Every structure is written in C-alpha cells, then in structure tokens.
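Chain by chain, the residues:
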Amino acid sequence: MPSQTPESNSLSHKRLLLLFTTTGYNAQDFAEAAKKLGVEVVYGTDRCHVLDDPWRDGAIPMRFSSPAKAVDAILRYGRTKPIHGVVAIGDKPTVAAALASRKLNLPHNSPESVEACRNKYLSRQLLKRAGLPVPGFACYSTDLDSCHISGRVKYPCVLKPLSLSASQGVIRANNPDEFEEAFRRIGKILKNPAIQVSRERTNKQILVEDYVEGKEFALEGILSRGRLRFLALFDKPDPLHGPFFEETLYITPSRLAAPSQEAILNCSQSAAQALGLREGPIHAELRINRYGTWIIEVAARSIGGLCSRTLRFGTGISLEEIIIRHALGIETISEVREKNAAGVMMIPFPGSGYFHEVAGIEQASKVKGIEEITITAKPGQKLIPLPEGSSYLGFIFARGSSSQFVEEALRRAHQKLKFTIRPELPVIPS
Ligand code: ADP
C-alpha cells in the first residue's frame, strides 16, 4: 500500500452509499462506524419503493431483486451528489452494489462474482473447476419426483436451496426416506411468496451435496485487488451434524493448530479467486477433516447478524470501519485483532410459537465476561425454527482472556435466560 498521510486519510469529504434490507440486523453498526469516521452516508434500502423519502432520512428506495433499476436510482442520485464508495450489507444488495460500483468506476467485485456467491450451485461449479476440494454435488428441479433421485444419491447428503442464507432450508438426509421428506420440505419453503418474489431464478432448484464430516470454522477477511487479508477466524464449537444446521456459538481466536489455520486462509484465498472476488469483505465457512480443508460457502459480505460486535482491531477499530475505509479507498493501517478472546451466541429458538418474554437478563449479564445481551425478537413475534425459519432470538456477547473462558461464559449466560414461547399471541399492554 502507498504510505498513509493525514491528507490521504481524510474521510470527511467522502460520501458512502450503504445498501441494506430492512430485515438485516447490522445496518446501525455500519451507520455508527461511518459517523465515527466523519463520512457522509446515504442509504439505499428496499423499505418502500412507492413513496419518495418516506422515512425522511434521504434514503434511496430500491428493490434489490431488480438490480438494474436499483442502479438507475443510484446513478440518478450520484449525478447531483457524488458517491465515493458503496458497501452492501448482507447478501441481497451485493449485485446492485457491484453493478453500481462498475458504473461509478469504483473498485468492487464484478457483478458476475457476487452473483456466483449468491448461487450455491454456481459456486460449487466454479470451485470445482478451479481444482478446490468440493463434495460431490448435483442440482435438481423441485418439479422432479424425489423418488427418482433418492436411489441415486450418496448418503449422508445435504439438500439445500440455491440462494437462501442462515441455513434456511438446509437439511441433512441419511437415507432415501429422509431425502424424499427433505426434498418435499425444501420445495414447500421455496414456494413461500416472500422467497418467490426475491429469488425468481433459483427458487425452483435444490442442490444436493455429499455430507462433509468435520469441525466447522468461519473466516472473516477483506480482499484488496484480489489479495485476501486475514481479519479473524472463529471456532464454531457446537456440533453441526444436522439434520438442521443452527448456528449458535462463534468464538475467536480459533483454537485450531496454526498449520490448519493457515490451510483455512489459503483455501479461502483460492476460493475467492475461483469465484472471481477481488474487493471487500468475505465471510467463508469451512470444514476440516482428515482429507483436508473444504469450503462450505464463501459470501461476498461481512459476518451477519450483530456478530461483528465481537471484533475489535488495532486501537479499537470495528470491522465496519475497516470495510468502510476500504470501500472509500483508504486502507486501515492495523488490522490485527485485539489480544482478548471474544465470542457471540446467536440465541436459538427453543421451539415454535409466539415470543412472549425473556427472564434472567440481569443474572445472565452478571456472568463474568459477558459484555452485552441483545434480544432482537419482539413480543408477539412468530418464531419459526429451522429449516423453515431463519432468525434468532438475540445475541449474547462475551470477551475475556481465553477462548475457553469466553465459550463457558456464553454457555453459562445462556442457561440463565428463560424464554416464554406460547402457542398464542401475547397481550401487549397499550
Ligand atoms: P447458508 O448459506 O444458508 O448458511 P450453507 O451452504 O452455508 O447455507 O449451509 C449451512 C450450514 O449447513 C453450514 O454452515 C454447514 O454447517 C451445513 N452444511 C452445508 N453443506 C454441507 C455439506 N455439504 N456437508 C456438511 N455440512 C454442510
């Protein structure tokens, strides 16, 4: 990188476009990071496309399912107020962000590469073509009769929609009966009108992969001109054997031996290259077993939910700051994560029903190492567990001297929380 001067570091005249959906959790963290950096922010969201500026925050309304139209709206805006960088939060806006950046001549991933990340079948094909280890895979139309496929499949296998996220619709099958049940179930999920609207092209297919044994890890990194810089590696210490794959604990630093960590970084770099990614954050999920390091998925975005709150770099810099600086062409000098260990528990749904209340937050907050407990579910919210649903009750954050300490703190705090979930809606006092 060229040497940094106070002048070249000036962010105060820069305008950043933040693209996000209303359903994402972490837009606020990006907005706060931008404010801290003194960057002017304009939002592009899918909140409503009918009214002009319905939320009085100057946001550009757009539909991420129509990226070309979203880009037109961005370019119209950019004609009067120049945009110096674009950041997509979450998976959905990545294509619009890439297309807009290309038009605005800003360094970004190509639209093709981010499309590939949003299509698990295409991703697998590209990874295989590049010679990376991939499980056996095949793609089937939801219109097919699963009885004709179940006899040809290698077990155990994993069935998944092509472009959902957060493990929604991902199911392990150990035999033909489980396969047929999973196939039917995913077909039904993909008929959900909300999914139909946003994923026209991929919602009639199911990817079937060999099941990859092994422990799972998540790597957070940032690409600059195709080179991947390591930011953090998370252990996922809870078993992820299926039939559904609910994410709970993320703990960093990883306790994995250094050579295996190196293998994960190298594999993620090769995967990013195979997918054509060159700029900005990536979040990669990998498994390690005696046969090697296996990419489960690479997303062209940072870690989801509020999980990035576990990460602090250099002198207290957030992941969002690093991403924003990169998007504006001013790299962060120190991307070394703090010495402390940190972790998050994405609080799983204990069952289906309506969320009434949670007790024990005070006791859980007093557990040594616990920094924050945020309940994101709202009273009255219908909780739909995996594989049909895709969200969490909230997040518990911990920090401490070791990964073991952090993991134990998160488990202890979680045990103190008592959620009331009932089959009927709660009466909410007016
Ligand atoms: P999503 O994008 O919805 O998270 P993924 O493809 O990443 O979908 O799968 C979600 C989870 O399912 C993974 O984190 C992993 O635990 C599990 N999984 C997916 N594919 C496989 C596979 N082939 N073998 C073993 N586990 C898998």
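Each value, and the rule that gives it
Residues numbered from 1 in each chain as written. Predicted model: local features only at pLDDT ≥ 70, side-chain atom pairs only at ≥ 80, totals over all residues. Heavy atoms only, no water. Helix = DSSP H or I, 4+ residues; strand = E, 2+ residues; numbered from the N terminus. Rg over C-alpha atoms; globule rule 2.2 N^0.38 Å. Areas by Shrake-Rupley, 256 points an atom, 1.4 Å probe, with all protein chains shown as cover. Lys, Arg positive; Asp, Glu negative; His and termini not counted. Charge placed at Lys NZ, Arg CZ, Asp CG, Glu CD. Near = heavy atom within 4 Å. Polar contact = N/O pair within 3.5 Å; in protein donor to acceptor, adjacent residues only side chain to side chain. Axes fitted to C-alpha atoms, helices over the stretch in contact; angles between N-to-C directions. Parallel < 35°, antiparallel > 145°, perpendicular 65-115°, else oblique. Left-handed = near helix turned anticlockwise from the far one by under 90°. Contact = heavy atoms within 4.5 Å. Nonpolar A, V, L, I, M, F, W, Y, C, P; charged D, E, K, R; others polar. Salt bridge = Lys/Arg side-chain N within 4 Å of Asp/Glu carboxyl O. Buried < 20%, exposed > 50% of the residue type's maximum accessible area, 1.4 Å probe, protein only. Pairing = 2+ DSSP bridges. pLDDT = per-residue confidence, 0-100.

## What about the overall build of the protein?
When its secondary structure is counted, the protein shows twelve helices and 19 strands. In terms of C-alpha radius of gyration, the protein reaches 21 Å, essentially the compact-globule figure of 22 Å for 430 residues. With respect to the three principal axes, the spread of C-alpha positions in the protein is 65 × 55 × 50 Å. Total accessible area on the protein stands at roughly 19,800 Å², and carbon and sulfur atoms take up 52% of it. Placing the 55 positive and 45 negative side-chain charges of the protein at their respective mean positions leaves the two points 2 Å apart.

## A short note on the site of the ligand
Of all residues adjacent to the ligand, which total 19 residues, the nearest are Lys-120, Lys-160, Glu-209, Glu-216 and Glu-297. Val-212 is positioned with one of its backbone polar atoms (N or O) 2.8 Å from a nitrogen atom of the ligand. In the complex, the protein chains occlude 97% of the 540 Å² of accessible area that the ligand would expose alone.

## Re the packing of helix α5 (residues 120–129) against helix α9 (residues 258–275)
It is at 9 Å that the axes of α5 and α9 come closest, and there the two elements cross at 110°. As summarised for this structure, α5 and α9 are arranged roughly perpendicular, according to the angle between their axes. The interaxial crossing formed by α5 with α9 has right-handed handedness. Facing Ser-123, Leu-126 and Leu-127 of α5, the residues of α9 in contact are Ala-271, Ala-274 and Leu-275. Residue composition of the contact of α5 with α9, by class: five nonpolar, one polar and no charged.

## Some words on the packing of helix α2 (residues 67–80) against helix α3 (residues 94–104)
Relative to each other, α2 and α3 sit at 45°, their axes nearing to 9 Å. If you check the angle between α2 and α3, you find them oblique. Of the two possible hands of crossing, α2 and α3 adopt the one that is right-handed. Residues Pro-67, Ala-70, Val-71, Ile-74 and Leu-75 of α2 form the contact with α3, whose own contacting residues are Val-95, Ala-96, Leu-99, Ala-100, Lys-103 and Leu-104.

## Structural notes on the pattern of salt bridges
Counted by the stated rule, this structure contains 29 salt bridges. Two residues, Lys-204 and Asp-143, come together in a salt bridge whose shortest N-O distance is 3.3 Å. Remark: Asp-143 occurs in the loop between β5 (137–141) and α6 (147–150) and Lys-204 occurs in the loop between α8 (193–198) and β8 (205–210); sequence separation between them is 61 residues. Under the relative-accessibility criterion, Lys-204 is labelled partly exposed at 43%. Looking at Asp-143, the relative accessible area reads 60%, which means it is exposed.

## Thoughts on the sheet that holds strand β4 (residues 85–88)
Each strand in a sheet pairs with its neighbour through backbone hydrogen bonds, running either in the same direction (parallel) or in the opposite one (antiparallel). The four strands are arranged β3-β2-β1-β4 in an open sheet whose pairing can be described as parallel. The open sheet terminates on both sides in strands that have one partner only, identified here as β3 (60–61) and β4. Relative to β3, strand β2 (residues 40–45) runs parallel, the two sharing two bridges. Directly across from Thr-45, in β3, lies its bridge partner Pro-61. Lying on the sheet, helix α10 (residues 319–327) is in contact with β1 (15–20) and β4; it crosses β4 at an angle near 140°.

## What to know about the sheet that holds β8
Spatially, the four strands line up as an open sheet ordered β5-β8-β6-β7, and their pairing is antiparallel. If you trace the sheet from one side to the other, it starts and ends with β5 and β7 (171–173), each paired once. Averaged over neighbouring strand pairs, the angle between their axes works out to 25° when direction is ignored. Where α5 meets the sheet, it contacts β5, β6 (157–161) and β8, and its direction lies at approximately 150° from that of β5.

## Looking at α10
Of all nine residues making up α10, nine are buried, and the element is well covered by its neighbours. Within α10, the full set of buried residues consists of Leu-319, Glu-320, Glu-321, Ile-322, Ile-323, Ile-324, Arg-325, His-326 and Ala-327. Residues of α10 that are buried sit in contact with β1, α1 (27–37), β4, β9 (215–224), β10 (227–235) and β12 (280–289). Gly-329 sits one or two residues past α10 and shows a positive phi near 80°.

## Here we look at the confidence of the model for the protein
Per-residue confidence for the protein averages 92 on the pLDDT scale, and 93% of its residues sit at or above 70. For residues 1–8, every residue scores under 50 in pLDDT, and the model assigns this stretch seven contacts once sequence neighbours within four places are set aside.

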